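Summary of structural features
Residue strings, one per chain:
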Amino acid sequence: MAIITLTSDWGDSDYYAAAVKGRILQELPDAVIVDITHRIPPFDSTRAAYILRNAYHNFPEGSVHIIGLNTEETLENPHLVALYDGHYFIGADDGIFSLIFEKEPEKVVILEVPQENELYSFSSRDRFAKAAIMLSQGSSIEALGEVHDSLIQKISFEPTSNKQGIRGMITHIDPYENMITNISKKLFNDVIGSKPFELNIKRYICRKISDSYSDVGEGELLCLFGSNNLLQIALNRANAASLLGVSLKDSVHVVLVPSKKEGDRPPLF
Amino acid sequence: MAIITLTSDWGDSDYYAAAVKGRILQELPDAVIVDITHRIPPFDSTRAAYILRNAYHNFPEGSVHIIGLNTEETLENPHLVALYDGHYFIGADDGIFSLIFEKEPEKVVILEVPQENELYSFSSRDRFAKAAIMLSQGSSIEALGEVHDSLIQKISFEPTSNKQGIRGMITHIDPYENMITNISKKLFNDVIGSKPFELNIKRYICRKISDSYSDVGEGELLCLFGSNNLLQIALNRANAASLLGVSLKDSVHVVLVPSKKEGDRPPLF
Amino acid sequence: MAIITLTSDWGDSDYYAAAVKGRILQELPDAVIVDITHRIPPFDSTRAAYILRNAYHNFPEGSVHIIGLNTEETLENPHLVALYDGHYFIGADDGIFSLIFEKEPEKVVILEVPQENELYSFSSRDRFAKAAIMLSQGSSIEALGEVHDSLIQKISFEPTSNKQGIRGMITHIDPYENMITNISKKLFNDVIGSKPFELNIKRYICRKISDSYSDVGEGELLCLFGSNNLLQIALNRANAASLLGVSLKDSVHVVLVPSKKEGDRPPLF
């Protein structure tokens with residue numbers, strides 16, 4: 001059973017997503033086509049990469065993921081197909097592949113399947129869908145084009161750490177306005193572990209990792225590791241980002257504090 | 001063929017819905033997964049219940065409905081699976097089950113399927129999806145956990161009536177801004193029947209039940225029974241709620257009027 | 001495999017789309033149901049026609065397209081089923097069929113399948129879904145009702161042309177704010193061909209047809225033929241319509257210019 005996902009900046013109000021689905025169904029009437037989201041802000045590869053990085057691994061291996069943004073093929077931004085972690089990704093390489101992948105992909109080829117027509121503004125329908133169909137029908141990735149060695153490297157903001165703590169940033173704000181950082185559970189455990197700490201964001205402080213949002217009272221600040229194993233900062237049942245005045249890329253510091261007697265300094269939260 | 005629906009407050013712009021779908025497709029690649037909506041306002045169980053109450057019965061019996069909001073499990077809000085009207089509902093009991101069901105459910109169990117990981121912030125993916133898969137594969141509801149007797153009762157605003165008429169309220173405003181009341185066709189027929197009446201909402205009056213929106217001129221006020229058998233108040237092809245200044249929970253009175261000669265008092269609409 | 005698409009003004013936040021899908025799945029549990037969009041502005045047949053005209057032909061022949069807006073049946077606006085270009089369209093005839101079809105449909109019948117209940121406000125669920133199921137199960141279109149000869153003709157704004165050039169208009173603004181005109185590639189080639197021209201929109205001028213958005217620098221004006229073969233005007237990676245102050249129905253002139261020596265008059269873009 002072919003599983004093909006779509007991630008794009010087409011929005012939900014035009015015919016673009018339906019056109020791609022129709023084209024796939026022409027060849028694969030029983031394909032399972034799943035919208036990841038079409039509400040990526042126009043051209044925002046960084047956000048698309050975040051979404052796809054967190055979504056793809058939930059799907060079965062062998063799924064094909066079409067990336068429908070910034071799809072214009074140029075000499076600098078070739079159309080690629082990558083096999084990574086058992087999944088196929090099809091898109092134009094504007095750096096997005098480097099943002100999705102945490103390690104080297106298993107294989108990358110330049111897409112050489114011909115465009116269906118002489119129009120180049122809708123590659124997702126006229127070329128990527130074709131490649132997705134071929135992969136779903138059992139084509140090897142090598143059948144789609146020549147092996148390609150170098151992906152464009154887009155810098156994702158990685159947290160830095162030393163013996164005093166971790167310096168990270170807000171990389172995503174979700175629909176609840178939970179603020180997701182780039183600090184992974186692994187990094188946190190390596191640097192902080194179970195020692196006392198202070199997390200600082202703007203002028204707010206959090207001293208404890210919660211297990212769930214409801215660990216604190218309604219409207220109160222908490223930190224927890226989300227379902228993607230990234231540290232997030234939230235208000236229980238309230239819109240953290242706007243209430244705390246936090247924006248994307250704001251910095252977050254987690255610092256080790258010397259243990260001291262209870263009561264020396266009252267927690268702010 | 002497994003049919004699984006999703007209702008949530010995740011919005012359409014993040015990876016949450018796709019993650020749940022992917023997880024289901026891993027086990028059930030030919031499952032039919034239907035989004036009811038992901039645009040419930042955050043944490044709004046009342047609205048989610050309205051949507052689900054009106055949607056579920058259109059699906060075949062045996063369908064599984066995942067409720068993806070307020071999903072954190074606590075002692076007070078356990079994860080439940082309910083069999084009601086031949087359909088399965090999976091969610092945390094914050095009272096939403098009592099708002100969806102109009103009579104006693106056939107069976108309710110506490111969900112004892114283990115969470116997939118030690119993160120508790122995404123139960124829809126890490127626990128509810130698993131239960132939905134098991135039910136779709138033929139598990140009995142009893143296989144998912146111990147029978148549970150008491151649902152949290154959330155009060156839904158029921159209309160009151162006497163010999164003079166019915167006092168109800170606006171419980172939903174739809175995308176056309178039609179204003180849906182909690183007055184059912186049955187209650188209306190019992191109390192008002194075909195006798196002359198005045199429906200009052202704010203300072204507007206309606207004296208007739210229409211069969212369709214186009215019974216009145218464009219922009220004019222009308223009352224009709226919607227496809228969910230609830231009395232609704234609308235403007236033909238116009239945004240009733242904002243034009244009339246009506247909000248959720250505004251009251252609606254339907255009063256019997258003594259029949260009188262035509263012309264004694266001119267209708268306002 | 002039955003393929004049924006839905007186009008409507010129901011929005012994404014209520015139960016309407018799910019209800020139609022559930023009803024179809026009751027009879028056809030393995031139907032492929034594709035949302036084209038539910039975000040047509042309320043009652044906007046012109047926009048729905050644009051979307052459907054550009055979407056339908058991507059689907060396999062034999063697909064059934066339900067039109068879920070302005071669905072109330074009246075004597076003037078009967079419920080019809082049309083076979084056009086190998087596809088089935090079901091809706092109320094408020095003129096939308098004439099806007100979707102570029103030539104005479106193969107066959108049109110008045111829908112005589114009875115409504116499922118005495119409520120007439122949700123024909124998409126209570127009648128159109130039934131017709132879609134019958135067609136998907138192999139019913140002939142003639143089995144659904146009597147042949148119907150005349151479609152309501154809604155005037156779509158067609159471009160005019162003479163030896164000097166083409167006068168068209170903006171008929172659609174897409175989610176990127178690309179401005180799509182009603183000037184087809186064929187008309188452009190017939191009138192302008194490869195001769196020098198000036199396209200005028202508001203006080204902006206474009207003198208070249210680009211192959212892709214990235215033919216020009218970021219934020220610069222360009223003209224190209226979109227994936228629907230219509231001439232569109234865009235800014236590369238910027239919101240053309242709002243930045244240029246262009247609205248739907250604004251006029252666009254393409255005029256032939258006498259060829260002259262380079263440099264006589266500097267291009268504005």
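One can find the structure itself at the top, above this paragraph.
If you're wondering where the values come from, they're calculated on a predicted model, not measured in any experiment.

About the cut-offs
Residues numbered from 1 in each chain as written. Chains lettered and ligands numbered in written order. Predicted model: local features only at pLDDT ≥ 70, side-chain atom pairs only at ≥ 80, totals over all residues. Heavy atoms only, no water. Helix = DSSP H or I, 4+ residues; strand = E, 2+ residues; numbered from the N terminus. Contact = heavy atoms within 4.5 Å. Areas by Shrake-Rupley, 256 points an atom, 1.4 Å probe, with all protein chains shown as cover. Lys, Arg positive; Asp, Glu negative; His and termini not counted. Charge placed at Lys NZ, Arg CZ, Asp CG, Glu CD. Buried < 20%, exposed > 50% of the residue type's maximum accessible area, 1.4 Å probe, protein only. Pairing = 2+ DSSP bridges. Axes fitted to C-alpha atoms, helices over the stretch in contact; angles between N-to-C directions. Buried area = accessible area lost by both parts, 1.4 Å probe. Polar contact = N/O pair within 3.5 Å; in protein donor to acceptor, adjacent residues only side chain to side chain. Phe/Tyr/Trp six-rings, centres within 6.5 Å; stacked < 30°, edge-to-face > 60°. Least-squares fit on C-alpha atoms with pLDDT ≥ 70 in both. Parallel < 35°, antiparallel > 145°, perpendicular 65-115°, else oblique. Left-handed = near helix turned anticlockwise from the far one by under 90°. Nonpolar A, V, L, I, M, F, W, Y, C, P; charged D, E, K, R; others polar. Salt bridge = Lys/Arg side-chain N within 4 Å of Asp/Glu carboxyl O.

What about the overall build of chain A?
- In terms of regular secondary structure, chain A is built from six helices and 15 strands.
- The C-alpha extent of chain A, read off along each of the three principal axes, is 70 × 35 × 30 Å.
- Long-range pairs, those at least 24 residues apart, make up 65% of the contacts in chain A between residues at least 6 apart in sequence.
- Entry remark: accessible area of chain A is about 11500 Å², with carbon and sulfur atoms responsible for 49%.
- Here chain A contributes 25 positively and 36 negatively charged side chains, and the mean placements of these two sets differ by 11 Å.

Regarding the pairing of strand S13 (residues 221–225) of chain A
Residues and elements named next belong to chain A.
- The element S13 is largely enclosed, with a buried count of five among its five residues.
- Going residue by residue along S13, you find Leu221, Cys223 and Phe225 tucked away on one face and Leu222 and Leu224 tucked away on the opposite face as well.
- Bridge count for S13 against strand S14 (residues 230–235) is five bridges, and the pairing is antiparallel. Bridge assignment links Leu222 to a residue of S14, and that residue is Ala234.
- From the end of S13 to the start of S14, which pair antiparallel, there are four residues, and Asn229 there has a positive phi angle of about 65 degrees.

Some details on the sheet that holds strand S2 (residues 32–37) of chain B
Residues and elements named next belong to chain B.
- Across the sheet, which stays open at both edges, the six strands sit in the order S2-S1-S3-S5-S4-S6 with mixed pairing between neighbours. Looking at the sheet topology across the chains shown, the edges are occupied by S2 and strand S6 (107–110). Each neighbouring strand pair of the sheet contributes to a mean axis angle of 20 degrees, computed without reference to strand direction.
- Note that strand S4 (residues 79–84) and strand S5 (residues 87–92) share six bridges and pair antiparallel. Bridge assignment links Val81 to a residue of S5, and that residue is Ile90.
- Of the strands in this sheet, strand S1 (3–8), S2, strand S3 (64–68) and S5 touch helix H2 (residues 45–55), which is tilted by about 130 degrees from S2.

Quick word on the interface of chain A and chain B
- Counting residues at the interface gives 34 residues for chain A and 28 residues for chain B.
- Roughly 2700 Å² of surface becomes buried between chain A and chain B when both sides are summed, with 54% attributable to carbon and sulfur atoms.
- When the buried area of chain A at its contact with chain B is split by residue, A:Asn58, A:Tyr176 and A:Ser227 rank highest and sum to 26% of it.
- Here chain A and chain B share 14 residue pairs in polar contact (both at pLDDT 80 or more) between them.
- Elements with a minimum of two residues in the side of chain A that touches chain B: strand S2 (32–37) and helix H2 (45–55) of chain A.

Regarding the packing of aromatic side chains
- Using the criterion set out here, one finds 39 aromatic pairs over all chains in the structure.
- For the pair A:Tyr16 and A:Phe122, a centre-to-centre distance of 5.6 Å together with 75 degrees between the ring planes defines the contact as edge-to-face. Taken as a pair, A:Tyr16 in helix H1 (residues 16–27) and A:Phe122 in the loop between strand S6 (107–110) and helix H4 (123–136) lie far apart in primary sequence, 106 residues in all.
- With relative accessibility at 8%, the residue A:Tyr16 sits in the buried group.
- Residue classification places A:Phe122 among the buried residues on the basis of a relative accessible area of 5%.
- Ring plane angle 90 degrees and centroid distance 6.0 Å describe the contact between C:Trp10 and C:Phe122, whose orientation is recorded as edge-to-face. With C:Trp10 in the loop between strand S1 (3–8) and helix H1 (16–27) and C:Phe122 in the loop between strand S6 (107–110) and helix H4 (123–136), this residue pair connects regions lying 112 residues apart in the sequence.

A few points about the relation of the copies chain A and chain B
- Mapping chain A onto chain B calls for a rotation angle of 120 degrees and an axial translation of 0.0 Å; the resulting RMSD is 0.0 Å. Considering both components of the superposition, the chain copies are consistent with a three-fold axis.
- Of the interface residues in chain A, just 6% have counterparts in chain B that sit at the interface too, so the contact is made through distinct surfaces.

Description of the packing of H1(A) against H4(A)
Residue and element names in this part refer to chain A.
- Contact geometry of H1 with H4 gives a least axis separation of 9 Å together with a crossing angle of 40 degrees. Relative to H4, the element H1 is oriented oblique. The chirality of how H1 crosses H4 is right-handed. The segment H1 lies against H4, with Ala19, Val20, Arg23, Ile24 and Glu27 engaging Ser124, Arg125, Asp126, Ala129 and Ile133.
- Across the contact of H1 with H4, the residue classes break down as five nonpolar, one polar and four charged.

Observations concerning the sheet that holds strand S1 (residues 3–8) of chain A
- As summarised here, the arrangement of the six strands in space is S2-S1-S3-S5-S4-S6 (chain A), forming an open sheet in which the pairing is mixed. Edge positions in the open sheet fall to S2 and S6 of chain A, since each of these has one partner strand only. With strand direction ignored, the average angle separating the axes of adjacent strands in the sheet is 20 degrees.
- Pairing analysis gives five bridges linking S1(A) to S2(A), with the strands arranged parallel. Opposite A:Thr7, over in S2(A), you have A:Thr37 as the bridge partner.
- On top of the sheet, H4(A) reaches S1, strand S3 (64–68), strand S4 (79–84) and strand S5 (87–92) of chain A; it is set at about 170 degrees to S3(A), its chief contact.
- Helix-sheet contacts for helix H1 (residues 16–27) of chain B involve S1 and S2 of chain A, and the interaxial angle to S2(A) is about 155 degrees.

Examining the relation of the copies chain A and chain C
- The operation relating chain A to chain C is a screw motion whose rotation component is 120 degrees, with 0.0 Å of axial translation and a residual RMSD of 0.0 Å.
- Interface overlap between copies is the fraction of interface residues in one copy that are interface residues in the other; for chain A against chain C it is only 7%, indicating separate surfaces.

A word on the pattern of salt bridges
- In the structure shown here, the tally under the stated rule is 31 salt bridges over all chains.
- One salt bridge connects B:Arg125 with B:Asp126, and the closest N-O pair in it is separated by 2.8 Å. Assigned by exposure class, B:Arg125 and B:Asp126 land together as buried.
- Here the salt bridges do not stand alone but share partners, grouping A:Arg23, A:Arg125 and A:Asp126 into one network.

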